[in-house]
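For reference, the chains in residue letters:
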Amino acid sequence: MPDEWSLDYARLATAAAVPIERDILRISGPEAGTYLQGQLSQDVERLPIGTTAWSWVLQPTGKVDALVRVTRTADADWVVDTDGGFGDALLKRLTRFKLRTKADIEPLDWRGLALRGADLPAAAAPAGGIAADAAWPGLPGVDLLGEAPVAPEGVPTVAADLLEVARIEAGIPRMGAELTEATIPNETGIVDRTVSFTKGCYTGQELVARIDARGSNVARHLRGLLLDAPAEAGEALLAGDRQVGSLTSVAHSPALGWVALGYLGRNVAPGDSVSAERGASGAVRDLPLR
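Keep in mind it's a predicted model, so treat the numbers as computed, not measured.

J.: Please clarify how the overall build of the chain should be interpreted in this entry.
T.: Assigned secondary structure in the chain consists of six helices and 15 strands. The globule rule puts the C-alpha radius of gyration for 290 residues at 19 Å, and the 19 Å found for the chain is close to it. Taking the principal axes of the C-alpha coordinates as reference, the chain spans close to 55 × 50 × 30 Å. Counting all 290 residues of the chain, 51% fall into the buried class. By sequence separation, contacts in the chain at least 24 residues apart represent 68% of the contacts at least 6 residues apart. Counting every atom, the chain has about 13300 Å² of accessible surface; 50% of that belongs to carbon and sulfur.

The structure is reproduced here in structure tokens:
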């Protein structure tokens, strides 16, 4: 008989709610659009009101400061959210580059509720908040962000650990795990969803555009792994006695067993085998894993 963990995992594929931690900012004012256009990799000024896009906030060198989601809520009003625990750094980064721009940046004391599944009922934005697109490869979804988000009637709440399993299976990088100040966007496999190559200049653009023009030939790539035993983030990944990468996230999936994300050198391809330094063996897979 399936245990509750497996049942909740199945619910996540159909319709389930998970409380999430997101740090959220509002950027508004007569020059807010112009300012964000010069700081984010997406063409935010072309976003229709009520729509959402994923974007990078980059260092001038082109490496990652934050992966954010930007939602246009009015002509001169945007909501920008990122993984919990990284909002203060994002606020400082955006404020540092604002200079005398006529734009206000304020943190919002909102909570987040992730809704995932192929059979989700329609979900309205919480009062004063937003419903932001949160679809992952193979898993439809929306995140409700506001002061008091509530799941639609009949949608059960499941453990946050299960959303982490689903994130790894989908190959979605997370701040502090797959994304650090040393990460280059082109390594992550999500540039097609996070970068506009037709907009004007933005901070950090040169490196991203140059690598893309050269066929995204970076030294390492984010890959999925199926492991035969538990492992821990941070473990080295080996091909024989040669280190070829490292693990960034690991979880146990009721459907696939031990699943993981990690960066591997460009000479390691899906279908190859690697081992973690503490003994687990792994098969390298394309993302998403499901």
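J.: Just to check I follow, could you spell out the nonpolar core for this structure?
T.: The nonpolar side chains of a soluble globular protein tend to be buried, and buried together. Among the nonpolar cores identified, the biggest contains 52 residues, and I27, W56, V70 and L90 are the most heavily contacted of them. If one sorts the elements of this core by residue count, helix 4 (residues 160-170) sits on top with six residues. Not counting residues within four places of it along the chain, the set of residues in contact with L90 comprises L25, V57, A66, V68, V80 and T82. In terms of nonpolar packing, the next biggest core, distinct from the first, is built from 13 residues, L227, A231, V244 and A260 among them.

J.: I would appreciate a short explanation of the layout of surface pockets in the present structure.
T.: A probe matching the size of a water molecule, rolled over the atoms, marks out where space remains unfilled. If you add up the space inside the largest pocket, you get close to 480 Å³. Lining the largest pocket are 23 residues, and of these I20, E21, R22, D83 and R174 lie nearest its centre. Elements with a minimum of two residues in the lining of the largest pocket: strand 1 (16-20), strand 4 (64-74), strand 5 (77-83) and helix 4. In terms of residue count, the dominant contributor to the lining of the largest pocket is helix 4 (four residues). Of the residues that constitute the lining of the largest pocket, the class distribution is 12 nonpolar, two polar and nine charged.

Rules used in this analysis
Every residue gets a number counted from 1 within its own chain, in the order that chain's sequence is written. Since the coordinates come from a predicted model, pLDDT governs what is reported: local features require at least 70, and pairs of side-chain atoms require 80 or more to be given and counted, while whole-chain, interface and lining totals use all residues. Side-chain measures were taken over the full set of non-hydrogen atoms in the model, leaving aside hydrogen atoms and water. Strands are runs of DSSP state E lasting at least two residues, helices are runs of H or I lasting at least four, and both sets are numbered from the N terminus onward. We compute the radius of gyration from the C-alpha atoms alone; for a globule the expected value is 2.2 Å times N to the 0.38, where N is the number of residues. The rule is simple: take the accessible area with a 1.4 Å probe, protein chains only, and divide by the maximum for that residue type; under 20% is buried, over 50% is exposed, in between is partly exposed. The contact definition used throughout considers only heavy atoms, calling two residues in contact when any of these lie within 4.5 Å. With residues, only the protein chains shown are counted as cover, and all accessible areas are computed by Shrake-Rupley using a 1.4 Å probe. Within this scheme, the nonpolar core is defined by two criteria: the residues are buried Ala, Val, Leu, Ile, Met, Phe, Trp, Tyr or Cys, and they are joined through side-chain atoms within 4.5 Å. Every definition here rests on a 1 Å grid over the protein atoms only: cavities are sets of points where a 1.4 Å probe fits but cannot get out, pockets are open sets enclosed by protein on both sides within 12 Å along at least five of seven lines, and lining residues have some atom within 4 Å of a point. Grid points are joined across faces, edges and corners, and a volume is the space filled by probe spheres set on the points. Under the grouping applied here, Gly and all other residues not named as nonpolar or charged are polar, the nonpolar ones being Ala, Val, Leu, Ile, Met, Phe, Trp, Tyr, Cys and Pro and the charged ones Asp, Glu, Lys and Arg.

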